[in-house]
Amino acid sequence: MTDSRIPAPADSDIVLCAPLRTPVGAYGVFSGIPVQDLASTVVKAVVERSGISPDDIDDVILGQVSPAGGAPALGRVVALDAGLGDSVPGMQLDRRCGSGLQAVATAAAHIACGAADLVIAGGAESMSTTEYAVDGSIRWGVKGGDLVLHDRLAQGRETAGGRNHPIPGGMIETAENLREQYSLSREAQDALAARSQQRAVAAQEQGLFDAE
């Protein structure tokens, strides 16, 4: 049964369909799973549930904030691991916390300009498996002294603003800046938090997330 209020899509329309994600679990439940495995599991399921043929997929675009050296151009690695074949290209992009949404927007832009007809797009991340690193000089040998491990998650928070716009943190500090800029009162924030919690409980009681 179709809704007569919704116009039928035209040939030029860009349609978002078959949304899917990994299950939601407790903190650390996926800590031993590489990001490419998380993403390829979802891509496989999207292809199976939608019935699309891998031959029709023009690209796999995935946003990722903390890429690992073992899975470069994450979209390409995921396309291969998901069994799409070596004819399906893939890419990875980073717009920090907006990376997944940017992947969808980039896919839409490719379709709009005729560069693609069908794209799998989204975001993939495994902060649990983000590496610790040492300074690049180790590649050329260390003659003495200590080697210091750097948490790449913390490092990224500190260097995301480049040299001219240092950022002493990340989203927490951004939230405080927005609160000040838009004069958001503590009372309004508490009311929003309470309303969000009430909606979450209601959704659980109604079984709205049972399928996840």
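A quick note: this is a predicted structure, and the numbers were derived from the prediction, not measured.

**A few points about the nonpolar core**
No. 1: Among the nonpolar cores identified, the biggest contains 17 residues, and Ile 57, Val 60, Leu 74 and Leu 84 are the most heavily contacted of them.
No. 2: Secondary structure elements with two or more residues in this core: helix H1 (35-50), strand S1 (59-63) and helix H2 (74-81).
No. 3: Residue contacts for Val 60: discarding those within four places in its chain leaves Gly 75, Ala 79, Leu 84, Val 88, Pro 89, Gly 90, Met 91 and Ile 120.
No. 4: The next biggest cluster of nonpolar side chains, apart from the first, holds six residues, and it includes Ala 103, Ala 107, Ala 116 and Val 119.

**Considering the pairing of S1**
Both faces of the sheet carry side chains from a regular strand, because those side chains alternate between them.
No. 1: Of all five residues in S1, five are buried; the element is thus mostly enclosed.
No. 2: Residues of S1 alternate between two faces, with Asp 59, Ile 61 and Gly 63 on one and Val 60 and Leu 62 on the opposite face, all of them buried.
No. 3: Assessed by its sense of winding, the connection that carries the chain from S1 through H2 to strand S2 (residues 90-93) is right-handed.

**A short note on the sheet that holds S2**
No. 1: Spatially, the three strands line up as an open sheet ordered S2-S1-S3, and their pairing is parallel. The open sheet has two free edges, formed respectively by S2 and strand S3 (119-123), since each of these has just one partner strand. Averaged over neighbouring strand pairs, the angle between their axes works out to 15° when direction is ignored.
No. 2: The sheet contact formed by S1 and S3 spans five bridges and is parallel. Bridging from a neighbouring strand, Leu 62 pairs with Gly 122 of S3.

**Describing unusual backbone geometry**
No. 1: With a phi close to 50°, Ala 73 is a non-glycine residue in the positive phi region.
No. 2: For Ala 73, a relative accessible area of 37% gives the class partly exposed.
No. 3: In this structure, Arg 96 is a non-glycine residue whose phi angle is positive, near 50°.
No. 4: Positionally, Arg 96 belongs in the loop between S2 and helix H3 (99-112).
No. 5: Residue Arg 96 is classed as partly exposed on the basis of its relative accessible area, which comes to 36%.

**Examining the side chain of Thr 130**
No. 1: Topologically, Thr 130 is positioned in the loop between S3 and strand S4 (132-133).
No. 2: Among residues more than four places away in sequence, those in contact with Thr 130 are Ser 66, Arg 152 and Leu 153.

**Quick look at the pattern of salt bridges**
No. 1: With the rule as written, the count across this model stands at five salt bridges.
No. 2: Measuring nitrogen to oxygen at the nearest pair gives 3.1 Å for the salt bridge that ties Arg 179 to Glu 176. Of the two residues, Arg 179 and Glu 176 both sit in helix H5 (residues 171-181), three residues apart, roughly one turn of that helix.
No. 3: On the basis of relative accessible area, Arg 179 is assigned to the partly exposed category, the value being 32%.

**Digging into H3**
No. 1: In this model, H3 (14 residues) spans 20 Å end to end at C-alpha, consistent with the 20 Å of a helix rising 1.5 Å per residue.
No. 2: Along H3, the residues classified as buried are Ser 99, Ala 103, Thr 106 and Ala 107. Buried residues in H3, looked at end-on, bunch into an arc of 100°, giving them a common side. Counted as exposed and oriented over 90 degrees from the buried face of H3: Leu 101 and Ala 112.
No. 3: Tucked into the core, H3 has its buried residues touching S1, S2 and S3.
No. 4: In the stretch just after H3, Gly 114 is the one whose phi turns positive, near 85°.

Rules used in this analysis
- Residues numbered from 1 in each chain as written.
- Predicted model: local features only at pLDDT ≥ 70, side-chain atom pairs only at ≥ 80, totals over all residues.
- Heavy atoms only, no water.
- Core = buried A, V, L, I, M, F, W, Y, C linked by side-chain atoms within 4.5 Å.
- Buried < 20%, exposed > 50% of the residue type's maximum accessible area, 1.4 Å probe, protein only.
- Helix = DSSP H or I, 4+ residues; strand = E, 2+ residues; numbered from the N terminus.
- Contact = heavy atoms within 4.5 Å.
- Right-handed = clockwise from strand over helix to strand, strands pointing away.
- Pairing = 2+ DSSP bridges.
- Axes fitted to C-alpha atoms, helices over the stretch in contact; angles between N-to-C directions.
- Salt bridge = Lys/Arg side-chain N within 4 Å of Asp/Glu carboxyl O.
- Expected span 1.5 Å × (residues − 1).
- Arc of directions from axis to C-beta.

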